[in-house]
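Single-letter residue listing:
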Amino acid sequence: MRKTLTLVLLISCFVKPLFAQTNKTFIKEYLERLETSKKYLILVAETMPNDKYTFKPTPESMSFAEHLMHISWAMDWHSQSLMGGRDARNWETDTELKIGNKSKEEMIATISNTFDVTSAFISEFDTKKLDERLDYFGANRTKRQILLLLTDHITHHRAQMLVYMRLNGLKPPRYVLYQ
């Protein structure tokens, strides 16, 4: 019995630091991907002409600008509120991450800033909390999964923005690998 306990304690001394390093590597790689995603999304936003920011292919669709600001809103909510515990912004009253009267340049500055704030939050995130579970629209997900869902969400809406460019006869920026 004593040998078994000693063996378990000895193994845990090596396994726990290994998992901690894996989590740190995950965060490092995630931040690299997020930075590349930021650069690509901003390039897409800069390429779309200002007069096409209100384009939407169907009445029920989001406009190009709405997709851009929706990405910003979702990044803020996933990181600061869902993972960080801050109260969510009130969609009805908050104007920082909505289109409002923002110019194209102001929207690009907003999305850039949101990426920066999100990256800062993630870089300081306690990696031991990546395995904590949260309710995500009725699904039980780890905080690691929430981060992966966030990148999927960014990609989803950016892809719609790329289609909008094509529908307007524009050539989107070349795909950027590893974003």
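For the structure, check the block above.
What you are looking at is a predicted structure, and each value in this text was computed from that prediction instead of being measured.

Asker: Go over helix α4 (residues 143-167), please, and point to the residues and values.
Answerer: The end-to-end C-alpha separation of α4 is 36 Å, in line with the 36 Å expected for 25 residues at 1.5 Å each. Just past α4, the residue glycine 169 takes up positive phi, approximately 75 degrees.

Asker: Describe the nonpolar core, and please don't skip the residues or the numbers.
Answerer: Tyr53, Phe64, Leu68, Ile122 and Leu147 are the most contacted members of the largest nonpolar core, which totals 37 residues. If you list the elements that add at least two residues to this core, you get α1 (2-47), α2 (64-83), α3 (104-123) and α4. With 10 residues, the single largest contributor to this core is α1. Among all residues touching leucine 68, those that are not within four sequence positions of it are Leu41, Ala45, Tyr53, Met107, Ile111 and Met161.

Asker: Tell me about unusual backbone geometry, and please be specific about residues and values.
Answerer: The residue phenylalanine 137 is not glycine, and still its phi comes out positive at about 55 degrees. Relative to the assigned elements, phenylalanine 137 resides in the loop between β1 (133-136) and β2 (139-142).

Asker: Give a detailed account of the packing of aromatic side chains, specifying residues and quantitative values.
Answerer: For any pair of aromatic rings, the description rests on two quantities: the centre-to-centre distance and the angle between the ring planes. One pass over the structure, following the stated rule, counts nine aromatic pairs. Seen from their ring centres, phenylalanine 26 and tyrosine 30 are 6.0 Å apart, and the 35 degrees between their planes marks the pair as tilted. With phenylalanine 26 and tyrosine 30 both in helix α1 and four residues apart, the pair spans about one turn of that helix. Judged by relative accessible area, tyrosine 30 falls into the buried class, the value being 4%. For the ring pair tyrosine 40 and tyrosine 175, a centre distance of 6.2 Å and an interplane angle of 90 degrees mean the geometry is edge-to-face.

The rules behind the values
Residues numbered from 1 in each chain as written. Predicted model: local features only at pLDDT ≥ 70, side-chain atom pairs only at ≥ 80, totals over all residues. Heavy atoms only, no water. Helix = DSSP H or I, 4+ residues; strand = E, 2+ residues; numbered from the N terminus. Expected span 1.5 Å × (residues − 1). Core = buried A, V, L, I, M, F, W, Y, C linked by side-chain atoms within 4.5 Å. Buried < 20%, exposed > 50% of the residue type's maximum accessible area, 1.4 Å probe, protein only. Contact = heavy atoms within 4.5 Å. Phe/Tyr/Trp six-rings, centres within 6.5 Å; stacked < 30°, edge-to-face > 60°.

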